Structure formats: structure tokens, C-alpha cells
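The lines below spell out each chain.
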Amino acid sequence: MAPKADASDTAELIELFKKIGLTQAKAAEAAKSPKSAGTLKSIIETHDLTSKSLDDKQAVLLAVLAVQGSKLGDGERSYAVDAILDGRLKTTDQVGEAVKYLDAHPLPVDGSEFDKSCGVGFSITPEELLVRVKDYLASSAYTGWNNLGAAIGGLKGTDLRWANALELKSAVEKAFVEKFGAKEAAKPKGKEPKKDAAAASTAASEPAASTSSSRSVFSEGFLGHLHEVGGNPQIHPRLREKHLAATKGVVHTRFPPEPNGFLHIGHSKAIFVNFGYAAHHGGHCYLRYDDTNPEAEEGRYFESILETVRWLGFEPWKITYSSDYFDQLHELAVDLVRRDKAYVCHCTAEEIFANRGGEERGPRKACVHRTRPVDESIAEFDKMKNGSYQPGQAILRMKQDLESGNTMMWDLVAYRVLNSPHHRTHDKWRIYPTYDFTHCLCDSFENITHSLCTTEFIASRESYEWLCDALEVYKPRQSEYGRLSLTGTIMSKRKILQLVKEGYVRDWCDPRLYTLNALRRRGVPPGAILSFVSGLGVSTAASNIQAVRFEHAIRQYLEGSVSRLLMVLHPVKVIIENLPEDFLLWLEKPLHPKVPELGSSKVPLTRTIYIDADDFRLEDSKDYFRLAPGKTVGLFQAPWPITHVSHKTDPTTGQVVEIVVRAENEGAPKKPKAFVQWVAEHRPSGSPVVVDETRVFHQLFKSENPSAAVPDFKADINPDSLEVVRGAMVEVGFWALAKRAYADAKAESTKRTEDALMASADAAGPVVAGAPTHEHDDTPKATSAQLVGKECIRFQGLRVAYFTVDKEAKLAFLDEDAGIEAGRREGDYLVLNRIVSLKEDSGKAA
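The rules we used
- Residues numbered from 1 in each chain as written.
- Predicted model: local features only at pLDDT ≥ 70, side-chain atom pairs only at ≥ 80, totals over all residues.
- Heavy atoms only, no water.
- Helix = DSSP H or I, 4+ residues; strand = E, 2+ residues; numbered from the N terminus.
- Contact = heavy atoms within 4.5 Å.
- Areas by Shrake-Rupley, 256 points an atom, 1.4 Å probe, with all protein chains shown as cover.
- Expected span 1.5 Å × (residues − 1).
- Buried < 20%, exposed > 50% of the residue type's maximum accessible area, 1.4 Å probe, protein only.
- Pairing = 2+ DSSP bridges.
- Polar contact = N/O pair within 3.5 Å; in protein donor to acceptor, adjacent residues only side chain to side chain.
- 1 Å grid on protein atoms, 1.4 Å probe; cavity = no way out; pocket = protein on both sides within 12 Å on 5 of 7 lines; lining within 4 Å.
- Points joined across faces, edges and corners; volume = space filled by probe spheres on them.
- Nonpolar A, V, L, I, M, F, W, Y, C, P; charged D, E, K, R; others polar.
- Core = buried A, V, L, I, M, F, W, Y, C linked by side-chain atoms within 4.5 Å.
- Right-handed = clockwise from strand over helix to strand, strands pointing away.
- Axes fitted to C-alpha atoms, helices over the stretch in contact; angles between N-to-C directions.
- Left-handed = near helix turned anticlockwise from the far one by under 90°.

A. Expanded view of the overall build of the protein. When helices and strands are tallied, the protein shows 26 helices and 29 strands. Reported as C-alpha extents along the three principal axes, the dimensions of the protein are approximately 110 × 70 × 55 Å. Pairs at least 24 residues apart make up 74% of the contacts formed inside the protein by residues separated by at least 6 positions. Surface accessibility of the protein: about 37,800 Å² in total, with carbon and sulfur atoms responsible for 51%.

B. Structural context of helix α24 (residues 547-559). Taking 1.5 Å of rise per residue, 13 residues should cover 18 Å, and α24 covers 18 Å from first to last C-alpha, within 8% of that figure. Inspection of α24 places Ala547, Phe550, Glu551, Ala553, Ile554, Arg555, Tyr557 and Leu558 among the buried residues, and these make up the whole buried set.

C. Geometry of the sheet that holds strand β18 (residues 632-635). In spatial order, the strands read β21-β18-β19-β20-β14-β17-β22; together these 7 strands make up an open sheet with mixed pairing. Looking at strand neighbours, the two that pair on one side only are β21 (675-676) and β22 (679-680), the edges of this open sheet.

D. Structural view of helix α4 (residues 56-68). In this model, α4 (13 residues) spans 18 Å end to end at C-alpha, consistent with the 18 Å of a helix rising 1.5 Å per residue. In this structure, the buried side of α4 is in contact with α3 (34-46), α5 (74-85) and α6 (92-104). The backbone nitrogen of Lys57 lies 3.1 Å from a side-chain oxygen of the residue at the head of α4, namely Asp55.

E. Here's a closer look at empty space enclosed by the protein. Under the counting rule described, the total for this entry stands at 5 cavities of 30 Å³ or more. The volume enclosed by the second largest cavity comes to roughly 70 Å³. As for the second largest cavity, its lining consists of Tyr435, Asp436, His439, Cys440, Ser460, Ser463, Tyr464 and Gln478. Listed by contribution, the elements that provide at least two residues to the lining of the second largest cavity are α19 (435-445) and α20 (460-471). Tallying contributions element by element places α19 first for the lining of the second largest cavity, with 4 residues. Broken down by class, the residue content of the lining of the second largest cavity amounts to 3 nonpolar, 4 polar and 1 charged.

F. Looking closely at the side chain of Glu380. By the secondary structure assignment, Glu380 is in helix α18 (residues 374-385). In this structure Glu380 comes out as buried when scored by relative accessible area, which is 10%. If sequence neighbours within four positions are ignored, Glu380 has contacts with Val344, His346, Arg372 and Tyr389.

G. Quick peek at the nonpolar core. Core analysis: the biggest nonpolar cluster contains 55 residues, and Leu223, Phe255, Ile265, Ile529 and Phe550 have the highest contact counts within it. In terms of residue count, the dominant contributor to this core is helix α14 (residues 265-280) (8 residues). Apart from residues lying up to four places away in sequence, Phe550 is in contact with Ile265, Leu486, Tyr514, Leu519, Val524, Ile529 and Phe532. If you look at the next biggest cluster of nonpolar residues, it comprises 41 residues, including Tyr325, Leu396, Tyr432 and Cys440.

H. How the structure looks around the pairing of strand β9 (residues 477-481). Most of β9 sits inside the fold, with 4 of its 5 residues counted as buried. As a crossover connection, the stretch from strand β8 (residues 450-454) through α20 into β9 is right-handed.

I. Main features of the packing of α4 against α6. Relative to each other, α4 and α6 sit at 35°, their axes nearing to 10 Å. In this structure, the crossing between α4 and α6 has a hand that is right-handed. Residues Leu61, Val64, Leu65 and Gln68 of α4 lie in contact with α6, whose contacting residues are Thr92, Val95, Gly96 and Val99. Grouping the constituent residues of the contact of α4 with α6 by class yields 5 nonpolar, 3 polar and no charged.

J. Up close: the side chain of Glu731. Note that Glu731 resides in the loop between β26 (728-730) and α25 (733-762). Accessibility expressed as a relative area gives 1% for Glu731, which makes it buried. Polar contacts involving the side chain of Glu731 include one to the side chain of Ser601, which spans 2.8 Å. Glu731 has contacts with Arg564, Leu565, Leu566, Lys589, Ser601, Val603, Val679 and Val689, leaving out every residue within four places of it along the chain.

This is how it looks when you write it as C-alpha cells:
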């Protein structure tokens, strides 16, 4: 340990440091730490810097090197000094990168590799910078000014980290103005970044690790090699010409979920791919409800799907239904029969299976109805439509290719009889088209340029194209990418429903599930999900990812975007005996040490504080650095440490219930080896904030593959997947942060919704002649409420975890006017959900 310098030594060091160009304040700061001050002194003397004419920037960089490079060897440190003196290293970021490089690559140094790693020689004009920024924004899912901070952070993950910080910020703001319009004057500029963190953006950038802002998942790899609009072959040239006239050469995609359940994490990739690809190319994406199975559809699923798509940061160009085209689909089915390419079949499911080869996979043979006259099939199909047959008695089958090696060409079913009323068409229809008949034709009606789906539909592509060509209609191109799934959980709607009904989870939005509404309730930012999906890339390979990797992506996203608050999960009272009863000291602390834009909070320090039970032990040990009998520790952000004096224990349980300490507030403060979190008792300010419930979620299943469990997946359920902690405490700054986050989220949602409604009005009108429009029916509409929930209040409990406010919490101040100070009201009930744990902390583990 470096010896402590006395006052005269410190004065000499300050004078020395001023000689190389440091100001009085910076020289004094550099002299504070004996270790780094000694390193800086050595650098000055070794390189005779007092005789050289250095500017103040170089002097600051040398001081930074002394702090960050104190562990470097003399040769490596001298190399860095030379790089500062010759002008290669010009910023503190470059010096920091140089230290990392030299620590990992001792002498001799590869100069070119060093320069590349540290951004040496990076040069970009403001005009070039603006072009790069615009390219980056075009390939991302940003939706408005609330994403400004995230965009800057994402760009700093590219080689643009070496650009001038002010020029980069200016370029991003200029690009945002062009893309989203001027920022609202009513929102002070200084508060805008707070909205990014506290309110959580509704969309996110692609991962910061992107190699270049102009390259993205949409412009390279699988998606980058898709055909140009109009490049998909047609059976007749006129079909292509008509398609190009309708689309005006603009990309059209669609996201076509079945409204028979809540969307899960796997759907996030489909949403990202379809909406993102269209946005990247300046095109349009439909939200089309594939509502061809009235027996499984519920109104709440329609609402939830739109809400989830919008929560992820996307806005549908038009909302349509497969049922919009039931009339047109029926007309085409009749046309297909007239062309002798479809027939009515009365075979049972067992007979069809046997005709297809049965269990032995033997030779296939045609159904006895396959050769029936066209007029007979038309008459039979009309009887199906008019209710003459019950389900299973008659089906319409396409006359495809029974000799094909592709099972999806073995005369697939086009229509079946169902006696269930439809939520939109009610009792009009007794027959309903199948997915295999509906999907390609709806894509054709909507002039979809790129029909993007997952690889389990590869075999369906042949049938998809056969039907379009058989009817001589525009034929979209289907392209398949690998689906996304997570290990250690289940996605099956049937199995999740079992869990809900049998009480293993509370509902479909239980934070232990991986439905998207469950992840939202857990507090996972939508931007973290999109960043995760984008980081995996899009290819034909399936992505089967461990849940821990997903959680790591969430943690990375939250690390630089949410405020940090003092928090004690299991509080123990501490009395500081040498402070007076009325002692009160207000401390101002940053909400994030590396993101000054988030601002700061003020916390009281009083005679009575609380620390976490885990931060005190009755028996000390060499590898334990926190509070123990007779031991001294620091209080995070407090001006002096505390030393244990005594403690009280519960005679029944033996647990420590109160600790008495002494403040080391006389003389020069000693620097403790460790610091502990704390919150103070100060009733006038409402400190501490007592949390009624803190819900800590663990994995719902014990293994990576619950479906393999015997006798079924429920045998793999983790009985300890939910831990509820009562009485945790958070610093009083929580109230202001929560109110600001909620208000910012409401303002942003209002703006987004106004824009969405205006855009949908511009896009109004039927897709095809005769199809219904949805301006005045019960089709889900964009609302501000879809985007605002208590989960937008997120923070990191220092050294604890990341948390959000659960939807069951009752916080009356959230609905009060902006001018009313936030705080606990009568009847309030505060519930926090753990979003994700922190990275493993060796100090905490000790």
C-alpha cells in the first residue's frame, strides 16, 4: 500500500502537476490518491515532461493514464505516454482502450493493431457522420425522441465511438428531427434522456456490437439477399405489372398471428422480422388476424396482439382479417373447382390417412371422389355452404400431386364444415377455409412482396405457389427463416393453459412465463427484447437459446439505461450512537455514475439507518469485507465510515435485530475496504420507502427441457420459483423517479398514438373491392393506454437487482397532477418485481 502523503508532499505534487498543464483543481484531484499521484509523478520525471510544452488536454490524458494504467509495466505505460505526446491518443476513451490493449498485449507492441484498437487516426466529416447516423436509424426500430439516448449509446458501440461526442450528438439530433419532427418544446431538453431510462423506450436499437451503423440484420445475410420488389416470378407478366402498380415498388410484409392465445417470445422474432424489414425499406407491414378457426378465437386475444405489437415499438400500416376476404376466398374456391383443381370429398380422416400410405407408408392412391364431375363437386360444395353436412361429413380438397414426394401436395383440405359462429361474420358461414387455402391468397390480395415465415413452412411453399398459379393470381414469394425458442420453459398454449387452470402460475401474464405480456409485466423493456432478437441475427437456422442468455441481454440493456437507487432487501436497524438525535445531512448522489443525463437524487442521512442483513456477520473472516463485530465499513455515498460497537439479537430466533455503530467522523476519514448499502429513517421526507411486496422470480422449471419430464412437463416445475420479500426499503428518491417515468411514458404514448391514428386514417379503405373496412367496427384501435403501464417504472437497486413496479401495485400519486409532490398515499400498496439479477459480484459474494 502506498504511504499516505503529508500536507507538504501533497502541495509539492500539486505544483508539479500544474507544471505540465493541469489546472489547480485538476492537479489537486490528481494528488488525492497516493498511488495514482505516484504514478503520475513517475511519468513526469521519466519523460521530463516539465520541460515540454503540453496543452491542458494532454495533461488531463496523462492524469487519466496514471489512474487507469497504474498496473501497467513501465514499458507499456511509456508507450501510452508517447502515444499521448505524439497526438495519437486524443480522448479519455482512447486512453482507456489503450490501457486495456497494453494490459493484454505486452511489449513489443504491434503499432497498427494498437492504433486500430484505440481508434487512432479515425476521421469523419460532419457530413459523413450525418449519413452514417441516418443509415443506422433506418436499420433500427426507433420510434421517437424517447429513443435519443439509446440511439447515441448504440452508435457508440460502433466505430463512431471515436467521433467527437458533441458532433455525434448533434448529428443524431438532426437525424431525429428529420425522421420524427422537432422535439416538443414543452419538454425540457435536459430531461429527455431521463425518459429513455425511467419510462423505458417502446422500441430499441439493434445491438451496440454492430460492426457498422450502415450494416444491419436487414441489409445482410438472409434478409439482405431477398429479392427486389417485383423480382418474384409470375405465371403471367400482367400479374407482375399489376402488382408493381399496386405497391408502387414499395415493400409490403405482414404479421399474421392466429388470435387463439397470447403471443410469446418466439413471436417477437416474427414481429421484428416482418415489421422491421418493411421499415428498413421504407415499406408497409399489415397486422392480419388469421381468424379462420372460430372455435378457438377470443376477443381478448385480438386486443392483446395489437397491444403487444405496439409495445414492441411497431405500428401496423393496416389491420386486416382473413375473414375480410371470406367472400373472395369462396369465389376462388368455386373457381378452383370449375378449373377441375378441387373436389368435394366425403372420406373420413382414417380413410384419407390410409389413402396416403397409412402407417406402413405404402403406395398412395386417389380418393374415390377425386374424379367426380366438376358440376357435382360444385353442387356438393354449395350443400356444404348451406348447412346440409355436419363437420367431418364433407370437405373441399385441392387436386394437387399425389405422386409428389412432398406431403404438402397430397390434396390438402381447402374448406371444412364448422358449426361455430364466427366473431365477425357471425352465422353467415357454415364452411371455413383452412390455413393452406387462405394464407397464400390473402398474401396475394394484399400484394405482399415478401411473405416471411419460419422454416416449418418450407414444405408448404410448393402448395402455396401451386394454388396461386392454379388460380392465375399474383404469387408472392415465401421465404423462411429459423424460429426462436428458449430452453428451460414452454411455449405451448395448451400447456400454459394447464398451468393457469391448475394454479401453478397466476395467469398468462405471470412473470415466470415467457409470453410477451408476462415479460412486460416482469419489467423487461421492449428494446431489450428487440436487441436480443437482432443480436441473434436472422438465418435459416433455428435459434434455440438458453434463458440465461436472454437474461444476460436484458441485463446489458438495463445497465446503461436505468437509474440506480439505494435499496435494502432485508433491513436491519442501525443506530449511529455518536450522532445527535436530530442529526440530518442531505446527500446528493448521481442516479447513474456513467450517465449524468439521468440526473441525481437527494437522500437524508440520519442517526437511524437500515442496512441489509446480509451485510452483517456475527463472525468475521479474512474473505469477508463487510460489517462485523469491531469492524469498520463505508456507507455508500456517505462522508464517513462506521464502526461496529454492539448489537442486539432476538432471544428466540437468534437473529440480529439492531446494530449500534460509531461514525468515524473526526479527523481525516479512513478509506474503508468495503461499502454497504443503506437507507435512512426520516419521516418528514418519507424515508425510507417501504415495499409491501418484492417478488423475486426464479426459473419456473428445473431443467432445460421440461417437455422431457416424466410423466409430463409438470413434474419438472420448480416449487421455489417465486420468492416474496416483505418490508424491503428503497431510498426516498424512488417517488420522484416513479412519477417522472410514468408521466414521460404517458406523454410519449399520447404522441405515438396520435401519429398512429393519423397514419391509419391515411391508409383507410378496403384492400380489395368488396372487403370490409374497420374504421367504425370493433377492430382493436391504437390507444395510449396500450403503451402505458406501471412496468415503465424501472430502476436498479444497488447491489441487489433490477426492479419494476407490478401492475397490482396501488400508487395514487401516479394519477395526480404534475405539480403535486409524489409520495405514499393512504391505501397505497407497493409491489416490486425483480426483472433480472445483477452480474455476479465477488464483493457481494464475500
